[in-house]
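So you can see what is in the structure, the chains are spelled out below.
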Amino acid sequence: MPQAEDARAAGADDARAAGPRRTAFDWTDAEARRRAEAGLVRTLRPRAAEPDVLDLASNDYLGLTRRAEVTEAAAEAARRWGAGSTGSRLVTGTTRLHTRLERELADFCGFEAALVFSSGYTANLAALTALSGRDSLIVSDASNHASIVDGCRLARAETAVVPHTDAEAVAKTLDAHPGRRALVVSDSVFSVDGDKAPLPGLADACRAHGAGLVVDDAHGFGVLGDGGRGALHEAGLAGDEDVVATLTLSKSLGSQGGAVLGPARVIEHLVNAARTFIFDTGLAPAAAGGALASLRLIAAEPGLAERARTVATTLHRLLTDAGLTSARPDAAVVSVHAPSPEAALRWAADCREQGLAVGCFRPPSVPDGISRLRLTARADLTDAEITHAVETILRTAPAV
């Protein structure tokens, strides 16, 4: 045994001589240093239960997440159905709230059927993976949301990325693949600059080639269209047999979850083929109940959508009149250019110190490399709050 002890001691001496022991995730330290040097460190900041700043950072476009009707509906759903859905939608995760929400969503937006998911992210993954495959083609806008990008990857289809909002490029790409099963996918309103996709042009390109059109209406639903019925309703495409919409329940509806809307046969296919539906735990009853209450409020108060658009155009006008660079908003997203990632971070932090929460987008979240403040034009903002927000942004703006 003395020989074994001597060998272990010698091994320990060798390890000490070789330096600190390497572990499996040492490489993350180098990644952390790289992010810090590039000014791209992200941190979690828990928000207060009661608002302590003016919020222009969230996606609560219609200001419904704290409406008494919505919070009480969510609480009542939890009391009646439990805190969780208890299983996947196909096992125990479907309640009457889920099916009622699906029916009313489809009716409100003008589609034949709808299917509710645990998030907008999983809804996009479902639509793209279940409606395409290895032998098909997906044509995707260069500025599409990360959930669309990931859906294209998981679909294992050939993916062609086309220039932003370029319907002619979509048509040319489809021309190059005649007879191929194809999907064209685009955000309706892009989350960075708040600009709209050319939906009529995309639909024309699809129909000329027998392709399906999938539109993520996360930032259009509740803001665009008659009474907030969405961008596809506004474009006259809602309910068409070759059009599918995805959306989130976490923005205009102020709750959580996602949905796919389209022809009944497409929804039936997703129930049987979409892995993020079949194998995911169903949306919690509280979220379904809150979303259903919000949907009914939107239907009863159609002026909410118009107010959100008015707030957006007002913010844009006041900021650009003062000399800032801001993309013209098509819905409720207002972006303001910053000179650098570091300046954007400092600008957002300075706004917060003065009682205003704004979003901050930096590379790699922005594909064009331009850092921005991102403002949410909420329908419940007062004129005084708009003035305060603009004054704060101007007062803290970095020198260019």
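Residues numbered from 1 in each chain as written. Predicted model: local features only at pLDDT ≥ 70, side-chain atom pairs only at ≥ 80, totals over all residues. Heavy atoms only, no water.

**What about the packing of helix H3 (residues 68-81) against helix H12 (residues 285-300)?**
Keep this limit in mind: Convention adopted: a line fitted to C-alpha atoms gives each axis, helices being fitted over their contacting stretch, and angles between N-to-C directions are expressed from 0 to 180 degrees. Helix and strand labels come from DSSP, where a helix needs a run of H or I of at least four residues and a strand needs a run of E of at least two; each type is numbered from the N terminus. The sense of a crossing depends on the near helix, which, turned anticlockwise from the far helix by less than a right angle, makes the crossing left-handed and, turned clockwise, makes it right-handed. Pairs of residues are marked as contacts when any of their non-hydrogen atoms sit within 4.5 Å. Classification used: nonpolar for Ala, Val, Leu, Ile, Met, Phe, Trp, Tyr, Cys and Pro, charged for Asp, Glu, Lys and Arg, polar for all others including Gly.
Running from N to C, H3 and H12 point in directions that differ by 145°, and their axes come no closer than 7 Å. Here H3 runs over H12; the crossing is right-handed. Contacts between H3 and H12 involve Glu 69, Val 70, Ala 73, Ala 74, Ala 77, Ala 78 and Trp 81 from the former and Pro 285, Ala 286, Gly 289, Gly 290, Ala 293, Ser 294 and Leu 297 from the latter. Residues belonging to the contact of H3 with H12 are distributed by class as follows: ten nonpolar, three polar and one charged.

**Re the pairing of strand E6 (residues 212-216)**
Every regular strand shows the same layout, with side chains that alternate between the two sheet faces. The condition is simple: Exposed residues in this analysis have more than 50% of their type's maximum accessible area, buried residues have under 20%, and partly exposed residues fall in between, with area computed by a 1.4 Å probe over protein chains only. Strands were regarded as paired on the criterion that DSSP finds at least two bridges between them. Whether a crossover is right-handed comes down to one check: with the strands pointing away from the viewer, does the path from the first strand over the helix to the second run clockwise; if it does, it is right-handed.
Burial runs high along E6: five of the five residues are buried. The two faces of E6 match: Gly 212, Val 214 and Asp 216 on one face and Leu 213 and Val 215 on the other face are all buried. Where strand E5 (residues 182-187) meets E6, five bridges bridge the pair, whose relative direction is parallel. By the bridge assignment for E6, Val 184 is matched with Leu 213. The β-α-β motif built from E5, the intervening helix H8 (residues 199-209) and the parallel element E6 has right-handed crossover chirality. Looking at chain direction, E6 and strand E7 (residues 243-248) are connected through four bridges and run parallel. Among the inter-strand pairings, Asp 216 is bridged to a residue of E7, identified as Thr 246.

**Observations regarding helix H2 (residues 27-38)**
Basically, it comes down to this: Multiplying one less than the number of residues by 1.5 Å gives the expected span of a helix.
Over its twelve residues, H2 runs 17 Å from end to end, which matches the ideal 16 Å to within 8%, given 1.5 Å per residue. Of the residues trailing H2, Gly 39 is marked for its positive phi of about 70°.

**Comments concerning the domain arrangement of the protein chain**
Note: interface size is frequently given as the accessible area lost on complex formation between the parts. Applicable threshold: Residue ranges assigned to the domains are those given by an automatic or database domain assignment. A 1.4 Å probe defines the accessible area here, and the buried area is the portion of it lost by two parts on being joined, summed over both. Here, a salt bridge means any Lys or Arg side-chain nitrogen found within 4 Å of an Asp or Glu carboxyl oxygen. Polar contacts, as counted here, are pairs of nitrogen or oxygen atoms within 3.5 Å of one another; within protein the pair requires one atom able to donate a hydrogen and one able to accept it, and residues that are adjacent in sequence qualify only if both atoms are side-chain atoms.
By domain assignment, the protein chain separates into domain 1 (42-60 + 301-394) and domain 2 (66-298). Counting residues at the interface gives 28 residues for domain 1 and 23 residues for domain 2. Interface of domain 1 and domain 2: buried area, both sides summed, is about 1800 Å²; carbon and sulfur atoms make up 50% of it. In this structure, the connection of domain 1 to domain 2 is made through two salt bridges. Note that Arg 67 is salt-bridged to Glu 301, the shortest N-O span being 2.9 Å. The tally of links from domain 1 across to domain 2 stands at ten residue pairs in polar contact (both at pLDDT 80 or more). Elements supplying a minimum of two residues to the side of domain 1 that touches domain 2: helix H13 (303-321), strand E9 (333-337) and strand E11 (372-376). Among the elements that line the side of domain 1 that touches domain 2, the one with the most residues is H13, at four residues. Looking at the side of domain 1 that touches domain 2, its residues break down into 15 nonpolar, four polar and nine charged.

**Digging into the nonpolar core**
To be explicit about the condition: Nonpolar cores are built from buried Ala, Val, Leu, Ile, Met, Phe, Trp, Tyr and Cys residues. Side-chain atoms within 4.5 Å join them into one set.
Of all hydrophobic cores here, the largest spans 87 residues; its most connected members are Leu 56, Leu 101, Leu 105, Leu 174, Leu 213, Leu 249 and Leu 375. In terms of residue count, the dominant contributor to this core is H12 (eight residues). For this core, the domains that each give at least three residues are domain 1 (42-60 + 301-394) and domain 2 (66-298). Discounting residues that sit within four places of it in the chain, Leu 249 has contacts with Leu 101, Leu 105, Val 116, Gly 254, Ser 255, Gln 256, Gly 257, Gly 258, Leu 283 and Ala 291.

**Considerations on the environment of Ser 186**
Position of Ser 186 among the secondary structure elements: in strand E5. Spatially, the C-alpha atoms of Ser 186 and Arg 67 are 31 Å apart, while their sequence positions differ by 119 residues. Excluding residues within four positions of it along the chain, Ser 186 makes contact with Asp 141, Asn 144, Ile 148, Ala 197, Leu 202, Val 214, Val 215 and Asp 216.

**Focus on the packing of aromatic side chains**
Note the cut-off: What counts as a ring pair is set by centres within 6.5 Å for rings of Phe, Tyr and Trp (its six-membered ring), and what kind of pair is set by the plane angle: stacked under 30 degrees, edge-to-face over 60, tilted for all other angles.
Summed over the entire model, instances satisfying the criterion amount to two aromatic pairs. Measuring from centroid to centroid gives 6.4 Å for Phe 108 and Phe 221, while their planes differ by 85°, and the two rings are edge-to-face. Of this pair, Phe 108 sits in helix H4 (residues 96-109) while Phe 221 sits in the loop between E6 and helix H9 (231-234), placing them 113 residues apart in sequence. Phe 221 shares its class with Phe 108; the two are buried. Between the aromatic rings of Phe 117 and Phe 277, the centroid separation amounts to 5.5 Å while the plane-to-plane angle is 70°, which identifies the pairing as edge-to-face. Placement of the pair is Phe 117 in strand E2 (residues 113-117) and Phe 277 in helix H11 (residues 275-278), with a sequence separation of 160 residues. Exposure class is identical for Phe 117 and Phe 277. Each is buried.

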